[in-house]
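Take a look at the letters that make up each chain.
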Amino acid sequence: MGPLQIKEILQATPENQPVTLKGWVRTKRESKNAIFIALNDGSTIHNIQAVAQPGQFPDELIQIVTTGACLKITGQLVESQGSGQAVEVKVESIEVYGAADPDVYPLQPKKHSLEFLREIAHLRPRTNTFGAILRIRHALAFAVHQYFNDRGFFYLHTPVITASDAEGAGEMFRVTTLDLNKIPRTEEGAINFKEDFFGREANLTVSGQLEGELGAMALSKIYTFGPTFRAENSNTTRHLAEFWMIEPEMAFFELEDNMDAAEDFVKTVIAYALENCKDDLNFLQNRLAEEDKNKPQNERSIPLLEKLSFVVDNPFERLTYTEAIEILLKSKPHKEKKFQYPVGWGIDLSSEHERYLVEKHFKKPVILTNYPKEIKSFYMKLDEDGKTVRAMDVLFPGIGEIIGGSQREENYEKLLGRVHEVGIDPQNLWWYLETRKFGTAPHSGFGLGFERLVLFVTGMSNIRDVIPFPRYPKSAEF
Ligand code: 4AD
């Protein structure tokens, strides 16, 4: 299919055979005896070296072979004379598909800051770092589908436009075709959504879970994997306004099964990346080690591959929210008043509390369960005590919450009670409530924020750097 990619050519045995290279110039180096062109086509982190002779081509041509230019090179694949690579290409012809004027092309062969690269998101995939991240992101997405397919789950496509606020958090982007300069009003003066495209209020989905549950009540095991939107005004390194979420939903699973599923799932996809993205992970590991050189010894992170293997090889710590609060109350930072936010039963754990548990106390991923119902969504199954719900959050070092999930309330009366308690209009959820009337069953599920997974696996520190075109407050360019 198409010409050989540089990844394949680099693996071929050099027998002076003819090859064609197509890719973008990373660097050009001219010495007395040769012109070296490092070409990359994104198929691998590695460049291929093409070697031309001085005087072999007109100066005008060699002058426009600059970083960022796109070339077609033909030549012979030979054993490399140099030490950095096994093979190289003895150049016979060069065609410039597109030049990249070095006076204006922003990606020059030097270190660029991640902040600067964010401003040129249309070009940053051409850097080593973003090439590696995007290939790893792809591998993880593939592993997600493979994981579920191999285990009898069906991929359910839940709607992007919905009328429900699944999480009940009110962080929705509205979808409308109403003319904002001429908003239709009812007699009482309210906005008349009957005249809107869907004849009602509509928004972008914050979660596919509720529809996912409908799927599980028919197909037993489903998963969704799609874009998710949250209009939370969080300018943090862990939040995006548009992110991708994976939400499996399983009939006949209780909380314990759900935890087992979440742990096995996340370990398996990380193991897939370790197995299949070695070159890119090694590159990112070295990049992090370089960054760490400027930090004091005690702030340096453990090598990326070691961190990933550790997570794959060790059981996650499981404990209840109540136990976690006890640990926090006895902790040094609490006693020394070092936490910014107060600790006590009923609080929504803040990231400093989660990080203490994961990074300082247990030093491994943690699954917290049985949270107070007040700080969790309406659909979670009530515990016998009537105070806590069968929720589970998976917390990761450096990331905080990577997975949120629960066993669902399958009892119609109890669910309706919670709907009323939190102030949702049951009319809007009649279809969801009906699953509890017709053949209800225990079921559970969870949601993994895909970018938080990519963040963890790549070792990057800002979520805006692990999605090609990030969306966050005041930013929707590209
Ligand atoms: O904990 P959350 O809000 O759970 C749900 O949406 C449930 N419906 C999931 C379910 O049970 N099916 O979100 C789940 C995960 C979080 O753990 C986090 O990884 C990610 O989604 N997430 C975000 N990722 C990036 N940016 C944001 N603004 C995110 N909000 C949540």
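Only a predicted model underlies this, so the values are computations on that prediction, with no experimental measurement involved. (Residues numbered from 1 in each chain as written. Predicted model: local features only at pLDDT ≥ 70, side-chain atom pairs only at ≥ 80, totals over all residues. Heavy atoms only, no water.)

### Side note on the sheet that holds strand β4 (residues 70–79)
The condition is simple: Between any two strands, pairing holds if DSSP finds at least two bridges. Strands here mean DSSP runs of E at least two residues long; helices mean DSSP runs of H or I at least four residues long; both are numbered from the N terminus. What counts as an axis is a line fitted to C-alpha atoms, over the stretch in contact for a helix, and the angles between N-to-C directions run from 0 to 180 degrees.
Here we have five strands rolled up into a closed barrel, ordered β1-β2-β3-β5-β4, and mixed in their pairing. Averaged over all adjacent pairs, the angle separating strand axes in this sheet is 55°, with direction ignored. Of the pairings in the sheet, the one linking strand β2 (residues 35–40) to strand β3 (residues 48–52) comprises five bridges and is antiparallel in character. Its bridge partner being in β3, I37 is matched across the sheet by A50.

### Focus: the sheet that holds strand β10 (residues 242–251)
Stated precisely, the cut-off is as follows: By definition, residues are in contact when any of their heavy atoms lie within 4.5 Å.
Taken together, the eight strands give an open sheet; going across it, the order is β6-β9-β10-β15-β14-β13-β12-β11, and neighbouring strands pair in mixed fashion. Edge positions in the sheet fall to β6 (154–155) and β11 (317–320), since each has one partner strand and no second. Running over the sheet, helix α5 (residues 209–219) touches β6, β9 (221–229), β10 and β15 (443–449) and is turned about 30° from β10. Contacting β11, β12 (366–372), β13 (388–396) and β14 (400–407), helix α11 (residues 351–362) runs over the sheet at an angle of about 140° to β12.

### Observations regarding the nonpolar core
Here is the rule: Throughout, nonpolar core names a set of buried Ala, Val, Leu, Ile, Met, Phe, Trp, Tyr and Cys residues whose side chains join them through atoms within 4.5 Å. For every residue, the accessible area obtained with a 1.4 Å probe (protein chains only) is divided by the maximum for its type, and the residue is called buried under 20%, exposed over 50%, and partly exposed between those limits. A domain assignment, automatic or from a database, supplies the domain bounds used here.
Judged by nonpolar contacts, the single largest core of 64 residues is most densely connected at L140, F265, I270, F396, I403, L453 and V457. A per-element tally of this core places helix α4 (residues 128–150) first, with eleven residues. Built from parts of two domains, this core gets at least three residues from each of domain 1 (6–107) and domain 2 (126–154 + 252–465). Those residues in contact with L453, other than ones at most four positions away along the chain, are L140, V266, V269, I270, I402 and L448. If you look at the next biggest cluster of nonpolar residues, it comprises 32 residues, including Y321, V343, Y371 and L433.

### A closer look at the packing of aromatic side chains
Selection criterion: We call Phe, Tyr and Trp rings a pair once their centres come within 6.5 Å, taking the six-membered ring for Trp, and we label the pair stacked below 30 degrees between planes, edge-to-face above 60, and tilted otherwise.
One pass over the full model with this rule turns up 19 aromatic pairs. Ring geometry for F148 versus Y223: centroids 4.5 Å apart, planes at 25°, classification stacked. You can see F148 sitting in helix α4 and its partner Y223 sitting in strand β9, a full 75 residues away along the chain. Plain terms: the ring middles of Y155 and Y223 are 5.1 Å apart, the flat faces sit at 15° to each other, and that makes the pair stacked.

### Some words on the pairing of β2
Burial runs high along β2: six of the six residues are buried. Every second residue of β2 is oriented toward a common face, with I35, I37 and L39 on one face and F36, A38 and N40 on the other, all of them buried. Pairing geometry for strand β1 (residues 17–30) and β2, over six bridges, is antiparallel. In the sheet register, W24 faces β2, and the bridge partner there is N40. From the end of β1 to the start of β2, which pair antiparallel, there are four residues.

### Focus on the domain arrangement of the protein chain
To keep it simple, the criterion reads: Buried area counts how much accessible surface, traced with a 1.4 Å probe, disappears from two parts once they are put together, with both parts' losses summed. Should a side-chain nitrogen of Lys or Arg be within 4 Å of a carboxyl oxygen of Asp or Glu, the pair is scored as a salt bridge. As used in this structure description, the phrase polar contact means that two N or O atoms lie within 3.5 Å; if the pair is within protein, one of them must be able to donate a hydrogen and the other to accept it, and residues adjacent in sequence are counted only when both atoms belong to side chains.
When the domains of the protein chain are assigned, the result is domain 1 (6–107) and domain 2 (126–154 + 252–465). Placing a centre on the C-alpha atoms of domain 1 and another on those of domain 2 gives a separation of 44 Å. Across the boundary between the two partners, domain 1 contributes ten residues, which contact eight residues of domain 2. Interface of domain 1 and domain 2: buried area, both sides summed, is about 740 Å²; carbon and sulfur atoms make up 48% of it. Summed over the three residues of domain 1 that lose the most area to domain 2, namely R26, I45 and L107, the buried surface amounts to 62% of that side. Applying the counting criterion to the domain 1 and domain 2 interface returns zero salt bridges. Joining domain 1 to domain 2, the criterion identifies six residue pairs in polar contact (both at pLDDT 80 or more).

### Here's the deal with the packing of helix α8 (residues 304–313) against helix α14 (residues 450–458)
Helix-helix packing is characterised by the crossing angle of the two axes and by the distance between the axes. Condition: Convention used here: angles under 35 degrees read as roughly parallel, angles over 145 as roughly antiparallel, angles from 65 to 115 as roughly perpendicular, and any remaining angle as oblique. For this scheme, ten residues count as nonpolar: Ala, Val, Leu, Ile, Met, Phe, Trp, Tyr, Cys and Pro. Four count as charged, namely Asp, Glu, Lys and Arg, and the remainder, Gly too, count as polar.
The N-to-C vectors of α8 and α14 enclose an angle of 125°; their axes lie 8 Å apart at closest approach. In terms of orientation, α8 lies oblique with respect to α14. Residues L304, K307, L308 and V311 of α8 lie in contact with α14, whose contacting residues are F456, V457 and T458. Classifying every residue of the contact of α8 with α14 by side-chain character gives five nonpolar, one polar and one charged.

### Re the site of the ligand
Here is the rule: In this text, near means that some heavy atom of the residue lies within 4 Å of the molecule or strand in question. Here the accessible surface of atoms and residues is derived via Shrake-Rupley with a 1.4 Å probe, and residues count as covered only by protein chains that are part of the display.
Around the ligand, the structure places 24 residues, and the nearest of them are E167, Q209, E232, E247 and E401. Here an oxygen atom of the ligand sits 2.6 Å away from a polar atom, N or O, in the side chain of E401. A distance of 3.4 Å is found between an oxygen atom of the ligand and a backbone nitrogen or oxygen belonging to G404. Coverage of the ligand by the protein amounts to 93% of the 620 Å² it exposes when considered alone.

### Focus: helix α7 (residues 278–292)
Quick reminder of the rule: Expected span of a helix, by definition, is 1.5 Å for each gap between consecutive residues, and there is one gap fewer than residues. The directions considered for the arc run from the helix axis to the C-beta atoms.
For α7, spanning 15 residues, the distance from its first C-alpha to its last is 21 Å, which sits close to the expected 21 Å at 1.5 Å a residue. The set of residues buried in α7 consists of D280, L281, L284, Q285, R287, L288 and D292. Viewed end-on, α7 has its buried residues packed into an arc of 160°, placing them on one side of the element. Tucked into the core, α7 has its buried residues touching α3 (114–119), α4, α6 (255–276), α8 and α14.

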